[in-house]
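A look at the structure
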Amino acid sequence: MGTIHIDLFATLDLVGQAPGGPDEDPEGFPYGGWQAPLFDETGGQQVMEGMRGMDALLLGRRTYDIFAGYWPKQGDGIDGDIATLFNRIPKYVASRGNPDLGWAGSTQLGSDLGSAVRELRDRHETIHVIGSLNLVQTLLRERLFDRLNLWIFPIVLGVGKKVFDGGAVPANLTLVEPPATSAKGAVLLRYRLAPGTPGTGDMTGEDRGGQ
């Protein structure tokens, strides 16, 4: 069975809305493109490293439309390596509407999202979900993910859609490797979904970890 990786860029207050540009998701959100001034070479290297082995993309409708309008045109640009990968692998779109599937290799998932995502796991080795906050809420709520790769950037916005808006359920996660950091203060945390739900204890008693 394959693995589903959720890749997100977020602020310290876990806002994940429109990191890449002002036109991504502008309604009621004045900070579109907040990630750009804080992204550096270290971040780019880590993004590419995290995509090794990716053989499918799973996207929400809004993110798919943005990607479909951008990546097919970037083959010779600064993001050529990512463009080559994205343009080559299959793309799956979670949408209740009728998206334009003009990007080569694109398929719309059926209305039963849970079943469709489980079928993708059987079909692919490494599926990445990038952005797509509405879709992410469903995947988190249904525990339909295996890895959470979370970039945290050193700013606080106070407004905007958050990583766990409506999708948080009790879950344990395990840090897969030591955090990676950038010169501009961003931190990459790679987590794996672990069995069970969070336990409780008494910080003054034997339940305290490491005691």
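As a starting point, this report considers the structure included with it.

**Section: the pairing of strand 5 (residues 126-130)**
- Across the 5 residues of strand 5, 5 count as buried, placing the element largely inside the fold.
- Where burial is concerned, the two faces of strand 5 agree: the one with T126, H128 and I130 and the one with I127 and V129 are both buried.
- As defined by bridge partners, strand 1 (residues 3-11) adjoins strand 5 across 5 bridges and the pair is classed as parallel. Among the inter-strand pairings, I4 is bridged to a residue of strand 5, identified as I127.
- Looking at chain direction, strand 2 (residues 56-60) and strand 5 are connected through 3 bridges and run parallel. In the sheet register, L57 faces strand 5, and the bridge partner there is H128.

**Topic: helix 5 (residues 133-141)**
- Where helix 5 is concerned, the buried positions are L133, L135, V136, Q137, L139 and L140.
- On its buried side, helix 5 packs onto strand 1, strand 2, strand 3 (91-94), helix 4 (113-123) and strand 5.

**Description of helix 2 (residues 61-70)**
- If you check which residues of helix 2 are buried, you get T63, Y64 and F67. Around the axis of helix 2, the buried residues are gathered within 100° of arc, so they sit on the same side.
- Buried residues belonging to helix 2 abut strand 2, helix 3 (80-88), strand 3, strand 4 (106-108) and strand 5.

**Brief notes about the environment of T107**
- Structurally, T107 is set in strand 4.
- With near-sequence residues (within four places) excluded, T107 lies in contact with K91, Y92, V93 and L101.

Reading guide: rules and limits
- Residues numbered from 1 in each chain as written.
- Predicted model: local features only at pLDDT ≥ 70, side-chain atom pairs only at ≥ 80, totals over all residues.
- Heavy atoms only, no water.
- Buried < 20%, exposed > 50% of the residue type's maximum accessible area, 1.4 Å probe, protein only.
- Helix = DSSP H or I, 4+ residues; strand = E, 2+ residues; numbered from the N terminus.
- Pairing = 2+ DSSP bridges.
- Contact = heavy atoms within 4.5 Å.
- Arc of directions from axis to C-beta.

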